[in-house]
Amino acid sequence: MRNGLTRATLSLFEYAPYPLENTLAFDGDPGLCGPGSVSWHVLADPAAFVGGIRGLLIQSAHPEVVAGVADHSRYRDDPLGRLSRTSAYVTATTFGAMPEVEKAVANVRRIHRVVKGVSSRGVDYDADDPGFSAWVHNVLTDSFLVAHQHFGAMRLTDAEADVFVREQTRIGALLGADPMPTTAQDLTEWVAEHPDVETSAATEEIVDFLTDPPLSPAIKVGYMALLEAAAAVVPPRIRNVLGITPKPGAETVGKAAVASLRWALGYSPSWALALRRAGAEIPDGLFRRRFDQEPIAS
(Lines give C-alpha, C1' and ligand atoms only; values in the text may rest on other atoms or scores of the structure.)
Protein backbone atom coordinates (compact mmCIF):
# COMPACT_ATOMS: atom_id res chain seq x y z
CA MET A 1 0.00 0.00 0.00
CA ARG A 2 2.82 2.39 0.88
CA ASN A 3 4.65 1.77 -2.38
CA GLY A 4 1.42 2.06 -4.37
CA LEU A 5 0.65 5.46 -2.86
CA THR A 6 4.24 6.52 -3.50
CA ARG A 7 4.10 5.50 -7.17
CA ALA A 8 0.72 7.17 -7.70
CA THR A 9 1.94 10.44 -6.20
CA LEU A 10 5.27 10.50 -8.01
CA SER A 11 3.58 9.75 -11.34
CA LEU A 12 2.14 13.27 -11.30
CA PHE A 13 5.64 14.77 -11.45
CA GLU A 14 7.17 12.65 -14.21
CA TYR A 15 6.48 15.08 -17.04
CA ALA A 16 9.73 17.03 -16.71
CA PRO A 17 13.33 15.86 -16.19
CA TYR A 18 14.46 15.53 -12.58
CA PRO A 19 16.50 18.73 -12.03
CA LEU A 20 19.09 17.21 -9.67
CA GLU A 21 19.99 14.29 -11.92
CA ASN A 22 23.65 15.35 -12.07
CA THR A 23 23.87 17.23 -8.77
CA LEU A 24 26.54 14.95 -7.28
CA ALA A 25 28.94 16.23 -9.94
CA PHE A 26 29.05 19.49 -7.92
CA ASP A 27 30.72 17.90 -4.92
CA GLY A 28 30.75 20.13 -1.83
CA ASP A 29 28.41 22.78 -3.31
CA PRO A 30 25.87 23.80 -0.61
CA GLY A 31 23.59 25.55 -3.07
CA LEU A 32 21.60 28.66 -2.24
CA CYS A 33 20.22 27.47 1.11
CA GLY A 34 22.62 24.83 2.37
CA PRO A 35 22.69 22.18 5.12
CA GLY A 36 21.04 23.37 8.30
CA SER A 37 18.71 25.70 6.43
CA VAL A 38 15.05 25.87 7.35
CA SER A 39 14.14 25.79 3.66
CA TRP A 40 15.50 22.29 3.13
CA HIS A 41 13.37 20.97 5.99
CA VAL A 42 10.18 22.83 5.00
CA LEU A 43 10.29 22.02 1.28
CA ALA A 44 11.09 18.35 1.94
CA ASP A 45 7.98 17.83 4.10
CA PRO A 46 4.88 16.56 2.19
CA ALA A 47 2.98 19.56 3.62
CA ALA A 48 4.62 21.39 0.70
CA PHE A 49 2.00 19.78 -1.58
CA VAL A 50 -0.67 21.81 0.21
CA GLY A 51 1.55 24.88 -0.01
CA GLY A 52 1.90 24.49 -3.76
CA ILE A 53 -1.87 24.31 -4.28
CA ARG A 54 -2.46 27.28 -1.97
CA GLY A 55 0.15 29.24 -3.89
CA LEU A 56 -1.56 28.59 -7.23
CA LEU A 57 -4.92 29.61 -5.81
CA ILE A 58 -3.70 32.88 -4.30
CA GLN A 59 -1.52 33.80 -7.28
CA SER A 60 -4.62 33.68 -9.48
CA ALA A 61 -6.23 36.46 -7.40
CA HIS A 62 -3.97 39.02 -9.12
CA PRO A 63 -5.62 39.96 -12.47
CA GLU A 64 -2.39 40.82 -14.29
CA VAL A 65 -0.47 37.77 -13.07
CA VAL A 66 -3.34 35.43 -13.86
CA ALA A 67 -3.74 37.02 -17.30
CA GLY A 68 -0.12 36.12 -18.03
CA VAL A 69 -0.85 32.51 -17.11
CA ALA A 70 -4.08 32.38 -19.10
CA ASP A 71 -2.57 34.03 -22.20
CA HIS A 72 0.81 32.32 -22.31
CA SER A 73 0.61 29.03 -20.41
CA ARG A 74 -0.38 25.60 -21.73
CA TYR A 75 -1.85 24.55 -18.38
CA ARG A 76 -5.17 23.55 -19.97
CA ASP A 77 -3.55 21.22 -22.52
CA ASP A 78 -0.60 20.07 -20.43
CA PRO A 79 -1.52 20.43 -16.74
CA LEU A 80 0.81 17.71 -15.46
CA GLY A 81 3.64 19.08 -17.57
CA ARG A 82 3.22 22.50 -16.00
CA LEU A 83 2.96 20.92 -12.55
CA SER A 84 6.16 18.94 -13.16
CA ARG A 85 8.05 21.97 -14.46
CA THR A 86 6.97 24.10 -11.50
CA SER A 87 7.97 21.36 -9.08
CA ALA A 88 11.33 20.98 -10.85
CA TYR A 89 11.97 24.73 -10.50
CA VAL A 90 11.23 24.68 -6.76
CA THR A 91 13.42 21.61 -6.31
CA ALA A 92 16.31 23.06 -8.28
CA THR A 93 16.33 26.47 -6.61
CA THR A 94 15.91 25.03 -3.10
CA PHE A 95 18.06 21.90 -3.17
CA GLY A 96 20.27 22.33 -6.22
CA ALA A 97 23.95 23.20 -6.48
CA MET A 98 24.53 26.77 -7.62
CA PRO A 99 24.92 25.86 -11.33
CA GLU A 100 21.55 24.09 -11.11
CA VAL A 101 19.97 27.05 -9.32
CA GLU A 102 21.30 29.45 -11.96
CA LYS A 103 20.09 27.22 -14.80
CA ALA A 104 16.57 27.03 -13.35
CA VAL A 105 16.36 30.79 -12.79
CA ALA A 106 17.76 31.55 -16.26
CA ASN A 107 15.13 29.31 -17.83
CA VAL A 108 12.30 31.08 -15.98
CA ARG A 109 13.64 34.51 -16.89
CA ARG A 110 13.93 33.45 -20.55
CA ILE A 111 10.28 32.40 -20.55
CA HIS A 112 9.22 35.58 -18.75
CA ARG A 113 10.69 37.80 -21.47
CA VAL A 114 7.80 37.00 -23.80
CA VAL A 115 5.02 36.98 -21.19
CA LYS A 116 3.52 40.40 -21.84
CA GLY A 117 0.03 41.68 -22.56
CA VAL A 118 -2.99 43.46 -21.15
CA SER A 119 -5.25 42.14 -18.41
CA SER A 120 -9.04 42.10 -18.47
CA ARG A 121 -9.10 45.36 -16.48
CA GLY A 122 -6.92 47.07 -19.09
CA VAL A 123 -3.64 47.06 -17.18
CA ASP A 124 -0.41 46.15 -18.95
CA TYR A 125 1.47 43.18 -17.55
CA ASP A 126 5.06 42.03 -17.98
CA ALA A 127 6.25 38.89 -16.18
CA ASP A 128 9.66 40.52 -15.71
CA ASP A 129 8.15 43.41 -13.74
CA PRO A 130 9.62 43.34 -10.20
CA GLY A 131 6.20 43.82 -8.62
CA PHE A 132 4.57 40.96 -10.52
CA SER A 133 7.58 38.72 -9.80
CA ALA A 134 7.24 39.69 -6.13
CA TRP A 135 3.58 38.61 -6.08
CA VAL A 136 4.39 35.19 -7.50
CA HIS A 137 7.47 34.67 -5.32
CA ASN A 138 6.04 36.06 -2.06
CA VAL A 139 2.78 34.15 -2.38
CA LEU A 140 4.66 30.89 -2.92
CA THR A 141 6.97 31.53 0.06
CA ASP A 142 4.02 32.45 2.27
CA SER A 143 2.08 29.41 1.10
CA PHE A 144 4.86 26.93 1.84
CA LEU A 145 5.29 28.51 5.26
CA VAL A 146 1.57 28.60 6.14
CA ALA A 147 1.09 25.02 4.94
CA HIS A 148 4.03 23.85 7.02
CA GLN A 149 2.75 25.63 10.12
CA HIS A 150 -0.67 23.98 9.76
CA PHE A 151 0.19 20.58 8.28
CA GLY A 152 3.93 20.01 8.76
CA ALA A 153 5.35 17.37 11.07
CA MET A 154 6.69 20.01 13.45
CA ARG A 155 5.67 23.67 13.67
CA LEU A 156 8.46 26.22 13.22
CA THR A 157 9.22 28.74 15.94
CA ASP A 158 8.68 32.40 15.06
CA ALA A 159 12.45 32.81 14.68
CA GLU A 160 12.69 29.78 12.36
CA ALA A 161 9.78 31.10 10.27
CA ASP A 162 11.62 34.40 9.82
CA VAL A 163 14.77 32.53 8.79
CA PHE A 164 12.78 30.61 6.18
CA VAL A 165 11.41 33.84 4.72
CA ARG A 166 14.88 35.39 4.54
CA GLU A 167 16.31 32.28 2.90
CA GLN A 168 13.61 32.37 0.26
CA THR A 169 14.36 36.02 -0.57
CA ARG A 170 17.65 34.77 -2.04
CA ILE A 171 15.65 32.98 -4.71
CA GLY A 172 13.36 35.97 -5.28
CA ALA A 173 16.37 38.26 -5.68
CA LEU A 174 17.63 36.14 -8.59
CA LEU A 175 14.27 36.71 -10.30
CA GLY A 176 14.38 40.45 -9.63
CA ALA A 177 11.38 40.34 -7.28
CA ASP A 178 10.72 43.51 -5.32
CA PRO A 179 9.55 44.15 -2.64
CA MET A 180 10.22 41.06 -0.53
CA PRO A 181 9.26 41.18 3.17
CA THR A 182 11.89 39.61 5.43
CA THR A 183 9.76 38.43 8.38
CA ALA A 184 6.93 35.91 8.41
CA GLN A 185 4.44 38.38 9.86
CA ASP A 186 5.27 41.09 7.34
CA LEU A 187 5.04 38.57 4.51
CA THR A 188 1.66 37.25 5.61
CA GLU A 189 0.28 40.78 5.92
CA TRP A 190 1.75 41.79 2.53
CA VAL A 191 -0.05 38.90 0.82
CA ALA A 192 -3.34 39.15 2.72
CA GLU A 193 -3.64 42.94 2.31
CA HIS A 194 -2.26 43.32 -1.21
CA PRO A 195 -4.17 46.11 -2.94
CA ASP A 196 -4.15 44.62 -6.46
CA VAL A 197 -6.20 41.49 -5.81
CA GLU A 198 -9.47 41.39 -7.71
CA THR A 199 -11.54 38.72 -9.39
CA SER A 200 -11.43 38.35 -13.17
CA ALA A 201 -12.56 35.93 -15.85
CA ALA A 202 -9.09 34.37 -15.88
CA THR A 203 -9.23 34.01 -12.10
CA GLU A 204 -12.50 32.13 -12.31
CA GLU A 205 -11.20 29.92 -15.11
CA ILE A 206 -8.08 28.87 -13.22
CA VAL A 207 -9.97 28.33 -9.95
CA ASP A 208 -12.44 26.14 -11.84
CA PHE A 209 -9.53 24.20 -13.30
CA LEU A 210 -7.80 23.78 -9.93
CA THR A 211 -11.02 22.59 -8.28
CA ASP A 212 -11.72 20.03 -11.01
CA PRO A 213 -8.43 19.01 -12.65
CA PRO A 214 -8.21 16.16 -15.20
CA LEU A 215 -6.97 13.49 -12.79
CA SER A 216 -7.93 9.85 -12.41
CA PRO A 217 -10.75 9.26 -9.89
CA ALA A 218 -8.42 7.56 -7.39
CA ILE A 219 -5.84 10.34 -7.43
CA LYS A 220 -8.50 13.05 -7.42
CA VAL A 221 -9.81 11.86 -4.04
CA GLY A 222 -6.46 12.58 -2.43
CA TYR A 223 -6.00 15.80 -4.39
CA MET A 224 -9.36 17.15 -3.25
CA ALA A 225 -8.38 16.62 0.39
CA LEU A 226 -5.23 18.66 -0.20
CA LEU A 227 -7.18 21.31 -2.15
CA GLU A 228 -9.71 21.75 0.66
CA ALA A 229 -6.85 21.98 3.16
CA ALA A 230 -5.20 24.65 1.02
CA ALA A 231 -8.45 26.61 0.70
CA ALA A 232 -8.95 26.50 4.47
CA VAL A 233 -5.72 28.43 5.06
CA VAL A 234 -6.21 31.09 2.37
CA PRO A 235 -6.85 34.54 3.92
CA PRO A 236 -10.62 35.22 4.06
CA ARG A 237 -10.39 38.36 1.90
CA ILE A 238 -8.64 36.43 -0.87
CA ARG A 239 -11.04 33.49 -0.53
CA ASN A 240 -13.85 35.94 -1.32
CA VAL A 241 -12.00 37.14 -4.42
CA LEU A 242 -11.48 33.55 -5.54
CA GLY A 243 -15.04 32.53 -4.73
CA ILE A 244 -14.02 29.48 -2.71
CA THR A 245 -15.41 28.19 0.57
CA PRO A 246 -13.61 25.32 2.31
CA LYS A 247 -15.71 22.47 3.65
CA PRO A 248 -16.13 22.05 7.43
CA GLY A 249 -13.30 19.98 8.86
CA ALA A 250 -11.03 20.66 5.87
CA GLU A 251 -7.97 21.26 8.06
CA THR A 252 -8.50 18.04 9.99
CA VAL A 253 -8.88 16.02 6.80
CA GLY A 254 -5.88 17.81 5.33
CA LYS A 255 -3.71 16.88 8.29
CA ALA A 256 -4.68 13.24 7.87
CA ALA A 257 -3.97 13.36 4.12
CA VAL A 258 -0.54 14.94 4.62
CA ALA A 259 0.27 12.45 7.37
CA SER A 260 -0.60 9.64 4.95
CA LEU A 261 1.73 11.10 2.33
CA ARG A 262 4.49 11.45 4.92
CA TRP A 263 3.98 7.80 5.90
CA ALA A 264 4.14 6.67 2.26
CA LEU A 265 6.76 9.01 0.83
CA GLY A 266 8.88 10.06 3.78
CA TYR A 267 10.67 13.35 3.26
CA SER A 268 11.81 14.36 -0.22
CA PRO A 269 14.91 12.46 -1.34
CA SER A 270 16.09 15.72 -2.92
CA TRP A 271 16.94 16.86 0.61
CA ALA A 272 18.98 13.70 1.23
CA LEU A 273 20.68 14.10 -2.15
CA ALA A 274 21.57 17.72 -1.40
CA LEU A 275 22.97 16.72 1.98
CA ARG A 276 25.07 14.03 0.33
CA ARG A 277 26.38 16.48 -2.28
CA ALA A 278 27.27 19.02 0.41
CA GLY A 279 29.03 16.39 2.51
CA ALA A 280 26.61 16.74 5.41
CA GLU A 281 25.16 14.03 7.64
CA ILE A 282 21.94 12.42 6.42
CA PRO A 283 19.44 11.92 9.29
CA ASP A 284 18.11 8.43 9.89
CA GLY A 285 14.44 7.58 9.61
CA LEU A 286 13.29 10.48 7.41
CA PHE A 287 13.69 9.04 3.91
CA ARG A 288 11.89 6.13 2.26
CA ARG A 289 13.18 6.69 -1.28
CA ARG A 290 16.72 6.21 -2.49
CA PHE A 291 18.57 8.78 -4.54
CA ASP A 292 17.32 7.12 -7.73
CA GLN A 293 13.74 7.92 -6.60
CA GLU A 294 12.74 4.26 -6.14
CA PRO A 295 10.62 3.40 -3.08
CA ILE A 296 12.42 1.69 -0.23
CA ALA A 297 10.45 -1.47 0.60
CA SER A 298 10.22 -1.24 4.37
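The sections below set out a description of the structure shown in this document.

Section: the overall build of the protein chain
Now for step 1: In terms of helices and strands, the protein chain carries 14 helices and two strands.
Now for step 2: Counting across all 298 residues of the protein chain, residues that qualify as buried make up 52%.
Now for step 3: The contacts in the protein chain between residues at least 6 apart in sequence include a share of 73% that link residues at least 24 apart.
Now for step 4: Here the protein chain has roughly 13,700 Å² of accessible surface; of this, 55% comes from carbon and sulfur atoms.
Now for step 5: Treating the 27 positive side-chain charges of the protein chain as one cloud and the 36 negative ones as another, the clouds have centres 5 Å apart.

Structural notes on helix α3 (residues 47-59)
Now for step 1: In this model, α3 (13 residues) spans 18 Å end to end at C-alpha, consistent with the 18 Å of a helix rising 1.5 Å per residue.
Now for step 2: Counting buried residues along α3, 10 of its 13 residues qualify, which places the element largely inside the surrounding structure.
Now for step 3: Those residues of α3 that fall on the buried side of the exposure criterion are A47, A48, V50, G51, I53, R54, G55, L57, I58 and Q59.

Observations concerning the layout of surface pockets
Now for step 1: There is about 230 Å³ of room inside the second largest pocket.
Now for step 2: If you list the elements that add at least two residues to the lining of the second largest pocket, you get α2 (38-44) and α14 (269-278).
Now for step 3: When its residues are assigned to classes, the lining of the second largest pocket shows nine nonpolar, three polar and three charged.

Observations concerning the environment of L56
Now for step 1: When you line up the elements, L56 lands in helix α3.
Now for step 2: When the C-alpha atoms of L56 and V108 are compared, they prove to be 17 Å apart, with 52 residues separating the residues in sequence.
Now for step 3: Not counting residues within four places of it along the chain, the set of residues in contact with L56 comprises R82 and L210.

A few points about the side chain of T91
Now for step 1: Counting through the fold element by element, T91 comes out in helix α5 (residues 79-95).
Now for step 2: Sequence-distant contacts of T91, that is, excluding residues within four places in its chain, are made with Y18, P19, L20, G96 and S270.

Things to note about the pattern of salt bridges
Now for step 1: Counted under the stated rule, the structure contains five salt bridges.
Now for step 2: With a shortest N-O distance of 3.0 Å, R54 and D142 are connected by a salt bridge. Of the two residues, R54 is situated in helix α3 and D142 in helix α7 (residues 130-151); the sequence distance between them amounts to 88 residues.
Now for step 3: In this structure R54 comes out as buried when scored by relative accessible area, which is 2%.
Now for step 4: A relative accessible area of 1% means that D142 is categorised as buried.
Now for step 5: A salt bridge links K220 to D212; the shortest N-O distance between them is 2.7 Å.

Reading guide: rules and limits
- Residues numbered from 1 in each chain as written.
- Predicted model: local features only at pLDDT ≥ 70, side-chain atom pairs only at ≥ 80, totals over all residues.
- Heavy atoms only, no water.
- Helix = DSSP H or I, 4+ residues; strand = E, 2+ residues; numbered from the N terminus.
- Buried < 20%, exposed > 50% of the residue type's maximum accessible area, 1.4 Å probe, protein only.
- Contact = heavy atoms within 4.5 Å.
- Areas by Shrake-Rupley, 256 points an atom, 1.4 Å probe, with all protein chains shown as cover.
- Lys, Arg positive; Asp, Glu negative; His and termini not counted.
- Charge placed at Lys NZ, Arg CZ, Asp CG, Glu CD.
- Expected span 1.5 Å × (residues − 1).
- 1 Å grid on protein atoms, 1.4 Å probe; cavity = no way out; pocket = protein on both sides within 12 Å on 5 of 7 lines; lining within 4 Å.
- Points joined across faces, edges and corners; volume = space filled by probe spheres on them.
- Nonpolar A, V, L, I, M, F, W, Y, C, P; charged D, E, K, R; others polar.
- Salt bridge = Lys/Arg side-chain N within 4 Å of Asp/Glu carboxyl O.

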